[in-house]
Amino acid sequence: MDEGYEIEVKGGYLIAHHIPYVNKSKDIKYGKLIVALNINNDAVTYQKHCSKHVINFMGEYPCNQDGSEISAIRLSSPNTPLFDDIIMNFSFSNKPQNDYNDYYEQMVRYIEIISTPAMSLDKNVTARTFKVINNEESSVFQYIDSNATRANIWNINNKLSNQKIAIIGLGTGSYILDLIAKTPVSEINLYDDDNFCQHNAFRAPGAPTKAIFDGTQKKVNHFSSIYSNMHNGIKPHAEKITKDNVYQLFNMSFVFLCIDNDAARAMIVKELQQNNVPLIDVGMGVQTVDNFLIGSLRVTLVTPEKRDHIARRIPMGNNEDNEYATNIQIADLNALNANIAVIEWKKYSGFYHAIKRFHNFTYSTNDSNFVADEIFDT
């Protein structure tokens, strides 16, 4: 930037704007160079001798003065959307004998290769305009999602942004939180009025210290304190959802329902259905049989487009919490249930491709049978 290059850092990428080049018609055009930064603890480090030496370009293919392509640097033509206004049309590779020492050296060398033909046609063209680009970038994360940057899936990830998520119940819901905290949703609202007790530690993600159980910390506060280290949008609500406060869910983009009270479930599903709020309801049953455990899982998606399966798929009896009922929860089954639920939410959000949209899923440990049904053709 001190030397006048139009530099922007966005989402873990270094972008150099206004790079002059010659196209195949021998016209002078301007493109952008894009490179994924290696970031650790918010520090940028160039990994000498480990880098792929690859850089990406937005624009037509750069050519020599005579309109012939600069073929020595050609690598691929991904045409991958990165941000709304940035598309990686081409990837180039130019590996020097002694490697680059840093991103500055790498970027300047590619600018030299691409821009020299244009500068030879017109001595007034330059990449060094001294135009300052605003590099302030807000994020729901405490630090840059360098995983999305390394995989070049930033644009796909952003399909999940701006969603307000509610997770009701932090049994299986705690694993759902673990997964959604790694996505760019704007809010993750947690609803549960239970305390975080010692037995919870053996069926939830993470490894809490023994000292935590000396107090009476609410589940929502316990998990919020952990996942707020990563995501800025965690909002704890130490309360159950009842008829008096169910309206809080009506402005949510999506709701995950992870409770075992059928009467409460029926009320919440009905209210969400009437207000066109999509949801996933999860269920799990584990029984002891002949000194073995047999477990079954269910994940049911309800959307404004398909809701005719609710009565036959979601338990809606009139049971209340039964203090004598055996409540067996196993961490791996909780995690599997959560994983299926989050994958289906991501399908519904357009993150994963789906030929058909299934709205009900069951799995049994006894026969390892996974069944997906209740099809809605997209």
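For clarity, every value in this text was computed on a predicted model and none was experimentally measured.

Caption draft 1: Summary view of empty space enclosed by the protein. Within the structure shown, the criterion is met by one cavity of 30 Å³ or more. As for the largest cavity, its lining consists of L272, Q273, N276, V277, P278, L279, V302, T303, P304 and R307. Split by residue class, the lining of the largest cavity holds six nonpolar, three polar and one charged.

Caption draft 2: Examining the packing of aromatic side chains more closely. The tally for this structure, following the rule as stated, stands at 16 aromatic pairs. Taking 5.6 Å as the distance between ring centres and 80 degrees as the angle between the ring planes, the aromatic pair formed by Y61 and F92 counts as edge-to-face. Here the residue Y61 occupies a position in the loop between β6 (54-58) and β7 (74-76), and F92 occupies one in strand β10 (residues 90-93), the gap between them amounting to 31 residues. Among the residues examined, Y61 registers a relative accessible area of 7% and is labelled buried. For F92, a relative accessible area of 0% translates into the label buried. Judged by centre distance (5.6 Å) and plane angle (85 degrees), the rings of F196 and F223 are edge-to-face. Of this pair, F196 sits in the loop between β12 (187-191) and α5 (219-227) while F223 sits in helix α5, and the two are 27 residues apart along the sequence. No difference in accessibility class separates F196 from F223, as the two residues are buried. Connected via pairs of aromatic rings, a cluster forms that spans Y21, F57, Y61, F90 and F92. Over the aromatic face of F83 sits the side chain of K10, whose NZ or CZ is 4.6 Å from the ring centroid. Taking NZ or CZ as reference, R74 lies 4.3 Å from the ring centre of Y61, over its face.

Rules of the game
For every chain, the first residue of its written sequence is number 1, and the numbers climb from 1 along that sequence. A pLDDT threshold of at least 70 governs which residues receive local features in this predicted model, and a stricter bar of 80 or more applies before side-chain atom pairs are shown or counted, although totals over entire chains, interfaces and linings include all residues. The basis for every side-chain value is the complete set of heavy atoms in the structure, and neither hydrogens nor water enter the calculation. Put simply, the grid is 1 Å and covers the protein atoms alone, a cavity is a trapped set of points that fit a 1.4 Å probe, a pocket is an open set with protein on both sides within 12 Å along at least five of seven lines, and lining residues have an atom within 4 Å of a point. Grid points are joined across faces, edges and corners, and a volume is the space filled by probe spheres set on the points. Charged residues are taken to be Asp, Glu, Lys and Arg, nonpolar residues to be Ala, Val, Leu, Ile, Met, Phe, Trp, Tyr, Cys and Pro, and polar residues to be all remaining types, Gly included. In this scheme Phe, Tyr and Trp rings, the latter by its six-membered ring, pair at centre separations within 6.5 Å, and the angle between planes marks the pair as stacked below 30 degrees, edge-to-face above 60, and tilted otherwise. Helix and strand assignments follow DSSP, with helices taken as H or I runs no shorter than four residues and strands as E runs no shorter than two, numbered in order from the N terminus. Only protein chains enter the accessibility calculation, which uses a 1.4 Å probe. A residue is then buried if its area is under 20% of the maximum for its type, exposed if over 50%, and partly exposed in between. Lysine and arginine charges are scored as sitting over a ring when NZ or CZ, respectively, is within 6 Å of the ring centre and within 35 degrees of the ring normal.

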